[in-house]
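Spelled out from the first residue to the last, the chains are:
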Amino acid sequence: MPTPYPILTAEEAAALIHHGDTIGFSGFTPAGAAKAIPTALAKRAKEEHLAGRPLQVGVVTGASTGDSLDGELARADAIAWRTPYQSNKSLRASINAGRTRFFDMHLSTLPQQIRYGFLGKMQWAIVEACDVTPDGKITLTTSVGASPTFLKCADKILIELNRYHPSSLQGIHDIYEPADPPYRQPIPLTDCSSRIGTPWVQVDPSKIAGIVETNLPDEVGTFDPADETTNRIGLNVAEFLASEIRCGRIPKEFLPLQSGVGNIANAVLAALGEHPDIPAFEMFSEVIQDSVTALIRGGKCRFATGTSLTVSPPALKEIYEDLAFFKSRILLRPQEITNNPELVRRLGIITINTALEVDLFGNVNSTHVMGSNMMNGIGGSGDFTRNGYISIFTCPSLAKGGKISPIVPLVSHMDHSEHSVQVVVTEQGIADLRGKTPLERATLIVDNCAHPDYRDQLHGYFDQIKNGHVPQSLSAAFAMHEKFLETGDMRGVTWEKPELVGC
C-alpha cells in the first residue's frame, strides 16, 4: 500500500532537527534502536561545528542503544544532555569528562516524567518500525522501551521503516500506557502472559513528518562466554533458589524471574535451566537474551515478557524463522510496565542483578567506578530490587586480576541500600542477609562471598570496631579504594586500631 507520508533520506530527516531540540529515540539496548537518522545527524553536527555553528540536542531513550546512535552522536559532540542509561564507551568518556550532561534515572519512571513535563518539551520522536499504516498505527521492531510515550508527547515524528524486521512481527508487542494521576487506574495485569494493550502504537498521522526506509540489523554484540567464575555464580544462585523451594519459602510452582544483562546473567539463567529442582518458570524482566530463547525452546521457560528482544543475529534469525512459536511465548511491553514497582511486588518477582561492588553491610554500587566515574547507569535494577520477592545481587569476588575486591568496607557510591538487598552471591558462596544485624551481615559477606585473599583484611576492618550499631569507621572506610588509586592494588591495607575505635 502506498504510504501517505513523505519518504526521506536519512540526511533529509536529519536536516529537520534544530540545535537545542530534545529527541526521544527508540531503543532499549541496541535492539530496536534508531540507526540511520542519528548517524546522519552526527555527520551534520560535525559539518556545522566546522562551520562555527552549534548543533547539540537532548537525547532521551529507553535505555542504552547502539553505536550508530549514542556512539556517533557522542563522537560528533552532538549530545548536550542524555538520560536515562547508556553503555557506549565514547559517550561514557564524554560524560566522565564533563562534556555531556548526564543524569541517571530509574527506567520505570522515565515515561511518566516525560509526560509530566519534568524533562521539558520534546520536539521529536525518532523510532524504528517494521510497519506503519495510513491511519497512524506503528508496529515497533525488537524493543518497546519508552517509544509509546515519545510518540505521544513529541511534536513531530520521524520513522525508520526497517525492512530487516518482518511486518509479521506485529503481535509480539503489548502496548499499554497508564493514565496519569489523578486518573490512573490499577494496571490490569495478573500474570506474565496476559495481554492488556494493543499490538501497535496509535499516533496522529499528521505528526509523522517522514519515513526513512532502511534495512539494518540491530547492533547487538556478544557477551563474554561463560567461565569458571560465572558458572560457579550461576550454580550458587540456582542452588540457593532450589533450597528456598525445598524449605517452603518459595512456592513449589516457583515464581517469575527477572535477570539483568550480561555474561553473569546468562550463566545464572543457564544454571537455573539445568538444575533438576527448579521447575519450568516464567520471566518478567526487561531484556530477553539468547539464554532465555534457548530456555523457551527447551521448555524450561514457559513464557517471557520484557521490553526488548536483545539477541544475537543467529538467535534472531531462528526466532524469525519460527515466529509463530515464539510469538505465543514472548511479549514485548513498555518499560513502564515491565519495570513497574507495583507489578513486581504483586506478581512476586525474584530479582537477580549484578553489582560493581558490595559493602560489608549489603549496600550495593551498580553505577560508579571508584565512586566517581559513571559506568552505565542504574537502569532497571532499582525498580526490581526494591520490590522483589527475593532480591539477589551477584558479582565476582575479584576484579582486575585480583587487584580489586568487589567486597569492600563501604561502597564508594550507593545505588541500592542494605534495606533492599537480601542476598549476595559470588563464586565463593552465598550470604543470605535477611533478618541479620549489620555485624552479622558483615561476617556472612566476608566469610561466604569475599575472596580468600581479602578475608583477613576485611575481617581486620570491622573486628576492631566494638561501638555503634554499624561497625563502621568514617576515617578508614575507603582505605582500600584509596590504596588502589595510589598503587593500583587494594591488597595489603592494614588497619590501625586507634584510628578505628571511637570513629
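Note: the structure precedes this text.
A few points on the structure. (Residues numbered from 1 in each chain as written. Predicted model: local features only at pLDDT ≥ 70, side-chain atom pairs only at ≥ 80, totals over all residues. Heavy atoms only, no water.)

## Thoughts on the packing of aromatic side chains
Here is step 1: For the structure on display, the rule yields five aromatic pairs.
Here is step 2: For the ring pair Y116 and F118, a centre distance of 5.2 Å and an interplane angle of 65° mean the geometry is edge-to-face.
Here is step 3: Both rings, one in Y461 and one in W495, keep their centres 5.0 Å apart while their planes meet at 70°; by these two values the pair is edge-to-face. Here Y461, found in helix α16 (residues 452-462), pairs with W495, found in the loop between α17 (479-487) and α18 (497-500); they are 34 residues apart in sequence, far enough to count as distant.
Here is step 4: It is R297 that lies over the ring of F325; its NZ or CZ is 4.7 Å from the centre. (Phe/Tyr/Trp six-rings, centres within 6.5 Å; stacked < 30°, edge-to-face > 60°. Helix = DSSP H or I, 4+ residues; strand = E, 2+ residues; numbered from the N terminus. Lys NZ or Arg CZ within 6 Å of the ring centre and 35° of its normal.)

## Quick look at the layout of surface pockets
Here is step 1: Volume-wise, the second largest pocket comes out at about 210 Å³.
Here is step 2: In terms of lining residues, the second largest pocket is bounded by V220, G221, T222, F223, N266, A270, Q289, D290, S291, T310, V311 and S312.
Here is step 3: When residues of the lining of the second largest pocket are traced back to their parent elements, those giving at least two are α8 (263-274) and α9 (290-298). (1 Å grid on protein atoms, 1.4 Å probe; cavity = no way out; pocket = protein on both sides within 12 Å on 5 of 7 lines; lining within 4 Å. Points joined across faces, edges and corners; volume = space filled by probe spheres on them.)

## Section: the environment of G298
Here is step 1: Locating G298 in the fold gives a position in helix α9.
Here is step 2: Overall, G298 belongs to the exposed group, its relative accessible area being 65%. (Buried < 20%, exposed > 50% of the residue type's maximum accessible area, 1.4 Å probe, protein only.)

## Focus on the nonpolar core
Here is step 1: With 71 residues, the main nonpolar core has I159, L241, F254, L257, L272, F281 and I392 as its most contacted residues.
Here is step 2: Not counting residues up to four positions away in its chain, the partners in contact with F254 are L241, I245, I278, P279, F281 and I350.
Here is step 3: If you look at the next biggest cluster of nonpolar residues, it comprises 32 residues, including F361, V424, A442 and I465. (Core = buried A, V, L, I, M, F, W, Y, C linked by side-chain atoms within 4.5 Å. Contact = heavy atoms within 4.5 Å.)

## Points about the pairing of strand β11 (residues 281-284)
Here is step 1: Neither face of β11 is left uncovered, since the one carrying F281 and M283 and the one carrying E282 and F284 both have all their residues buried.
Here is step 2: Two strands pair when backbone bridges link them, and β11 and strand β13 (residues 301-306) are joined in this way by four bridges, in the parallel orientation. Bridge pairing in β13 links F281 to C301. (Pairing = 2+ DSSP bridges.)

## Some thoughts on the pattern of salt bridges
Between side chains of opposite charge, a pair can form as their charged atoms come close.
Here is step 1: Tallying each qualifying case throughout the model produces 26 salt bridges.
Here is step 2: Notably, a salt bridge pairs K137 with D135, separated by 2.7 Å at the nearest N-O pair.
Here is step 3: The network of salt bridges with shared partners includes R115, E177, D180, R184 and E336. (Salt bridge = Lys/Arg side-chain N within 4 Å of Asp/Glu carboxyl O.)

## Observations concerning the sheet that holds strand β18 (residues 364-365)
Here is step 1: Spatially, β18-β17-β22 is the arrangement adopted by the three strands of the open sheet, whose pairing is mixed. Where the open sheet ends on each side, the last strands, each with one partner, are β18 and β22 (407-408).
Here is step 2: Two strands pair when backbone bridges link them, and strand β17 (residues 357-359) and β18 are joined in this way by two bridges, in the antiparallel orientation. Within β18, the residue paired with V358 across the bridge is V364.

## Concerning the state of the cysteines
Here, disulfide denotes a covalent bond that connects the sulfur atoms of two cysteines.
Here is step 1: By the definition in use, this model includes zero disulfides.
Here is step 2: Looking at C192, it has no disulfide partner, and the nearest cysteine sulfur is the one in C301, 8.7 Å off.
Here is step 3: Judged by relative accessible area, C301 falls into the buried class, the value being 2%. (Disulfide = S-S within 2.5 Å.)

## Details of the environment of T367
Here is step 1: Along the polypeptide, T367 turns up in the loop between β18 and β19 (368-369).
Here is step 2: The spatial distance from the C-alpha of T367 to the C-alpha of D104 is 9.2 Å, given a sequence separation of 263 residues.
Here is step 3: Apart from the residues lying within four places of it in its own chain, the contact partners of T367 are D104, L356, N373, M374, M375, N376, G377, I378, H413 and D415.
Here is step 4: Reaching out from T367, the side chain makes a polar contact with the side chain of D415 at a distance of 2.8 Å. (Polar contact = N/O pair within 3.5 Å; in protein donor to acceptor, adjacent residues only side chain to side chain.)

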